[in-house]
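Breakdown of the fold
Letter by letter, the chains look like this.
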Amino acid sequence: MSLVRLKIKGISYSQTQNGAYALILNEVEGDRKLPIVIGAFEAQSIAIALEKEIKPPRPLTHDLFKNFADRFDIVVKQVIIHKLVDGVFYSSIICERDKIEEIIDARTSDAIALALRFNAPIFTYKTILDKAGIFLKFSTKDKDKDESDESIMVDEILQEGETVEIDSGTSEGYTEMTIEELNKELDKAVANEDYEKAAKLRDEISKRN
């Protein structure tokens, strides 16, 4: 079976259902998206890995795994989403130590959080993408905005008819704050380990630089 390489499009969240997130993966050489429902902790861990400039004061679980693996010369070579059963995705982490490869079973959200930290590629099989891949309909109300600011409709990911959006990193009130105020809030959010807020603040700061 042929493998299809994926990249992370973004993390979407439900406006009406607390704690519901969807990780959106995009095929590298195509337009299909693969939405995967994940938990709040995994969404936070993936968001932190995507935001290179945010450094948690203490290592998160996936950071600890990375530190442990580095200490014992274990490298994550790639992640493969290899099975889809009853809406649940199953993944394998391909590791290497002393030129010996090992395959470790993992939840897809954990596997992707680790892939980001090891800069490892993410793959799935063409048959899975054919079955679960979708074409998202983008809003055209703000054509001049970046793609990350556009709303997306993900049918039946969380609930039928529910709308989720790519997090643009903008929250009400941040646009009125000065750079100095934003940096202070960012430091406070990181110290409090509120990484979701920290990611939004970091995005607002980046937009102004």
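Residues numbered from 1 in each chain as written. Predicted model: local features only at pLDDT ≥ 70, side-chain atom pairs only at ≥ 80, totals over all residues. Heavy atoms only, no water.

In the nomenclature of an unreviewed UniProt entry, the protein is known as Bifunctional nuclease family protein of Pelagihabitans pacificus.

Looking at the side chain of Ser45
Inclusion rule: Under the DSSP-based scheme used, a helix requires at least four consecutive residues in state H or I and a strand at least two consecutive residues in state E, with every element numbered from the N terminus. Definition of a polar contact: a pair of N or O atoms within 3.5 Å, with one able to donate and the other able to accept a hydrogen when the atoms are protein atoms, and with sequence-neighbouring residues admitted only if both atoms are side-chain atoms. Note on contacts: a residue pair qualifies if any of its non-hydrogen atoms lie within 4.5 Å across the two residues.
Its location among the elements puts Ser45 in helix α1 (residues 40-50). Among the polar contacts listed, one links the side chain of Ser45 to the side chain of Arg117, at a separation of 3.1 Å. The residues contacting Ser45, other than those within four sequence positions of it, are Leu60, His62, Ala113 and Arg117.

Here's the deal with unusual backbone geometry
The residue Asp73 is not glycine, and still its phi comes out positive at about 55°. Of note, Asp73 is situated in the loop between α2 (61-71) and β4 (75-85). Of note in this structure, Asn119 is not a glycine but carries a positive phi near 55°. Summarising the element assignment, Asn119 is placed in the loop between α3 (108-118) and β7 (122-125).

Things to note about the pattern of salt bridges
Operational definition: The rule for a salt bridge is simple: a side-chain nitrogen of Lys or Arg has to be within 4 Å of a carboxyl oxygen of Asp or Glu. We call a residue buried when its accessible area falls under 20% of the maximum for its residue type, exposed when it is over 50%, and partly exposed in between, using a 1.4 Å probe and counting protein chains only.
Applying the stated criterion across every chain yields a total of 10 salt bridges. A salt bridge links Arg32 to Asp130; the nearest nitrogen and oxygen atoms lie 2.7 Å apart. Pair noted here: Arg32 is in the loop between β2 (21-27) and β3 (33-38) and Asp130 is in helix α4 (residues 126-132), with a separation of 98 residues, a long-range link. One salt bridge connects Asp98 with Arg97, and the closest N-O pair in it is separated by 3.8 Å. Relative accessible area serves as the criterion here: at 41%, Arg97 is assigned to the partly exposed category.

Some details on the nonpolar core
This is how it is decided: In these notes, a set of buried Ala, Val, Leu, Ile, Met, Phe, Trp, Tyr and Cys residues joined through side-chain atoms within 4.5 Å is what counts as a nonpolar core.
In this structure, Leu25, Leu34, Ile46, Ile81 and Phe89 are the most contacted members of the largest nonpolar core, which totals 32 residues. Contributions of two or more residues to this core are made by β1 (3-14), β2, β3, α1, β4, β5 (88-97), α3 and α4. When residues of this core are assigned to their parent elements, the largest contribution, seven residues, is made by α3. Here Phe89 is in contact with Leu34, Pro35, Ile36, Ile81, Lys83, Leu84, Thr108, Ile128 and Ala132, once residues within four sequence places are set aside.

Notes on the packing of α2 against α3
In a packed pair of helices, the relevant descriptors are the angle between the two axes and the axis-to-axis distance. The line we're drawing: Throughout, an axis means a line fitted to C-alpha atoms (over the contacting stretch in the case of helices), and angles, computed between N-to-C directions, take values from 0 to 180 degrees. These descriptions rest on fixed angle ranges, namely under 35 degrees for roughly parallel, over 145 for roughly antiparallel, 65 to 115 for roughly perpendicular, and the rest for oblique. A clockwise turn of the near helix away from the far one marks a right-handed crossing, whereas an anticlockwise turn of less than a right angle marks a left-handed crossing.
At a minimum axis distance of 10 Å, the contact between α2 and α3 shows a crossing angle of 55°. As judged from the angle between their axes, α2 and α3 are oblique. Where α2 crosses over α3, the handedness of that crossing is right-handed. Counting all contacts with α2, which are made through His62, Asp63, Phe65, Lys66, Ala69 and Asp70, the residues of α3 involved are Asp110, Ala113, Leu114, Arg117 and Phe118.

Thoughts on helix α5 (residues 179-191)
For the record, the criterion: Here the expected length of a helix is defined as 1.5 Å per residue gap, with one fewer gap than residues. Directions pointing from the helix axis toward each C-beta atom define the arc.
End to end, α5 covers 18 Å across 13 residues, agreeing with the expected 18 Å (1.5 Å per residue, within 8%). The set of residues buried in α5 consists of Leu182, Glu185, Leu186, Ala189 and Val190. Along the axis of α5, the buried positions cluster into a sector of 135°, meaning they face one direction only. The exposed set on the far side of α5, more than 90 degrees from its buried face, consists of Glu180, Lys184, Asp187 and Ala191.

Things to note about the environment of His62
Within the element layout of this structure, His62 appears in helix α2. On the basis of relative accessible area, His62 is assigned to the buried category, the value being 5%. Sequence separation between His62 and Ala115 is 53 residues; the distance between their C-alpha atoms is 9.9 Å. Not counting residues up to four positions away in its chain, the partners in contact with His62 are Phe41, Ser45, Asp110, Ala113, Leu114 and Arg117.

Describing a nonpolar patch on the surface
Operational definition: In this scheme, patches are assembled from residues that exceed 30% relative accessible area and form no salt bridge. Like charges are connected within 9 Å, while nonpolar side chains (Val, Leu, Ile, Met, Phe, Trp, Tyr) are connected within 5 Å. Computed with the Shrake-Rupley method and a 1.4 Å probe, the accessible areas treat only the protein chains shown as cover for residues.
A surface patch of nonpolar side chains, amounting to about 220 Å² of accessible area, comprises Val85, Val88 and Tyr90. Its place among the elements puts Val85 in strand β4. The exposure class assigned to Val85 is partly exposed, which follows from its relative accessible area of 33%.

Describing the packing of aromatic side chains
Rules: Classification of ring pairs rests on two measures: the distance between centres of Phe, Tyr or Trp rings, Trp counted by its six-membered ring, which must be within 6.5 Å, and the angle between planes, read as stacked under 30 degrees, edge-to-face over 60 and tilted in between. Look at NZ for Lys and CZ for Arg. If either is within 6 Å of the ring centre and within 35 degrees of the ring normal, a charge sits over the ring.
With the rule as written, the count across this model stands at one aromatic pair. Considering the side-chain rings of Phe68 and Phe72, the 5.0 Å spacing of their centres and the 45° angle between planes classify their relative orientation as tilted. For Phe68, a relative accessible area of 52% corresponds to the exposed category. For Phe72, a relative accessible area of 40% translates into the label partly exposed. The ring centre of Phe118 lies 5.0 Å from the NZ or CZ of Lys66, which sits over that ring.

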